[in-house]
Amino acid sequence: MNDASGRELVVLLDDNGRTVGTAEKEIVHSESTPLHLAFSCHITDGEGRMIVTRRALSKRTWPGVWSNACCGHPTLGEAIDDAVHRRVGEELGASIKSLELILPNFAYRAVDHSGIIENERCPVFSAKLVGPLNPDPEEVIDWRWVEAKDLLAGVRSTPWAFSPWMVMQLERMPLQGTQP
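Residues numbered from 1 in each chain as written. Predicted model: local features only at pLDDT ≥ 70, side-chain atom pairs only at ≥ 80, totals over all residues. Heavy atoms only, no water.

### A word on the UniProt feature "domain: Nudix hydrolase" (unreviewed entry) in the protein
Part 1 of the reasoning: Sequence positions flagged by UniProt for "domain: Nudix hydrolase" (unreviewed entry) are, in local numbering, residues 34–168.
Part 2 of the reasoning: In residues 34–168, helix accounts for 21% and strand for 40%; the two terminal C-alpha atoms are 20 Å from one another. (UniProt positions renumbered as here; feature names shortened; annotations may be inferred. Helix = DSSP H or I, 4+ residues; strand = E, 2+ residues; numbered from the N terminus.)

Here is the structure:
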């Protein structure tokens with residue numbers, strides 16, 4: 001979401017997760033990215049399948065890699081649940097239901113091949129898809145429904161083909177059809 005001047009802002013955090021201000025998204029994501037608030041959403045169909053998306057080649061970080069259904073940043077004062085619904089609409093042209101917080105304390109730091117750092121406190125959600133997808137090509141160039149066990153096997157065998165946050169999240173998430 002943008003401020004009145006059209007700039008996309010992210011919420012900056014201290015080491016304890018307290019809000020300390022905002023900054024422009026384009027400026028924040030750099031070689032010295034400060035800790036900020038984000039979220040990830042994994043969308044399932046209730047049958048053990050998950051949507052994975054391939055990030056557009058024009059993305060500044062991790063272009064062309066496969067990732068979870070949707071990620072984003074809430075704005076200052078925006079409820080994180082509202083931000084997830086907003087971003088799913090913007091990025092995937094879709095609606096979701098049954099939004100559930102599954103990894104409330106997930107945080108990560110990762111460095112892209114370009115040197116840009118992601119440094120996020122990133123609660124992770126799961127949801128069910130309502131209706132069809134109509135992804136924004138500036139965000140997503142491909143998508144697939146994948147069995148959770150197959151996705152986990154793929155991530156474990158070729159982690160470089162996936163976003164680092166999704167790799168870390170999948171190792172911590174309870175995935176349907178992957179338990180012995």
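Still more ground to cover, so stick around.
### Remarks on the side chain of Glu118
Part 1 of the reasoning: With respect to the helices and strands, Glu118 occurs in strand β10 (residues 117–121).
Part 2 of the reasoning: No salt bridge is formed by the buried Glu118. Its closest oppositely charged neighbour is Arg55, at 5.5 Å.
Part 3 of the reasoning: A distance of 3.3 Å separates a polar atom in the side chain of Glu118 from a polar atom in the side chain of His29.
Part 4 of the reasoning: Other than its neighbours up to four places away in sequence, Glu118 contacts His29, His36, Thr61, Trp62, Tyr108, Arg109 and Ala110. (Buried < 20%, exposed > 50% of the residue type's maximum accessible area, 1.4 Å probe, protein only. Lys, Arg positive; Asp, Glu negative; His and termini not counted. Salt bridge = Lys/Arg side-chain N within 4 Å of Asp/Glu carboxyl O. Polar contact = N/O pair within 3.5 Å; in protein donor to acceptor, adjacent residues only side chain to side chain. Contact = heavy atoms within 4.5 Å.)

### Section: the side chain of Thr53
Part 1 of the reasoning: Along the chain, Thr53 falls in strand β5 (residues 49–55).
Part 2 of the reasoning: You can call Thr53 buried: its relative accessible area is 2%.
Part 3 of the reasoning: At 2.9 Å, the side chain of Thr53 and the backbone oxygen of Asn68 are in polar contact.
Part 4 of the reasoning: The contact partners of Thr53, leaving out residues within four places of it in the chain, are Val65, Trp66, Ser67, Asn68, Ala69, Leu92, Val140, Asp142 and Trp143.

### What to know about the UniProt feature "active site" (unreviewed entry) in the protein
Part 1 of the reasoning: UniProt's feature table lists "active site" (unreviewed entry) at Cys71 and Glu120, given in the numbering used throughout. Spanning 50 residues, the annotated positions come together in the fold, the maximum distance between their C-alpha atoms being 11.3 Å.
Part 2 of the reasoning: Mapped onto the fold, Cys71 is located in strand β7 (residues 70–72).
Part 3 of the reasoning: Residues contacting Cys71, with those up to four places away along its chain left out, are Phe39, Ser40, Arg87, Glu91 and Trp165.

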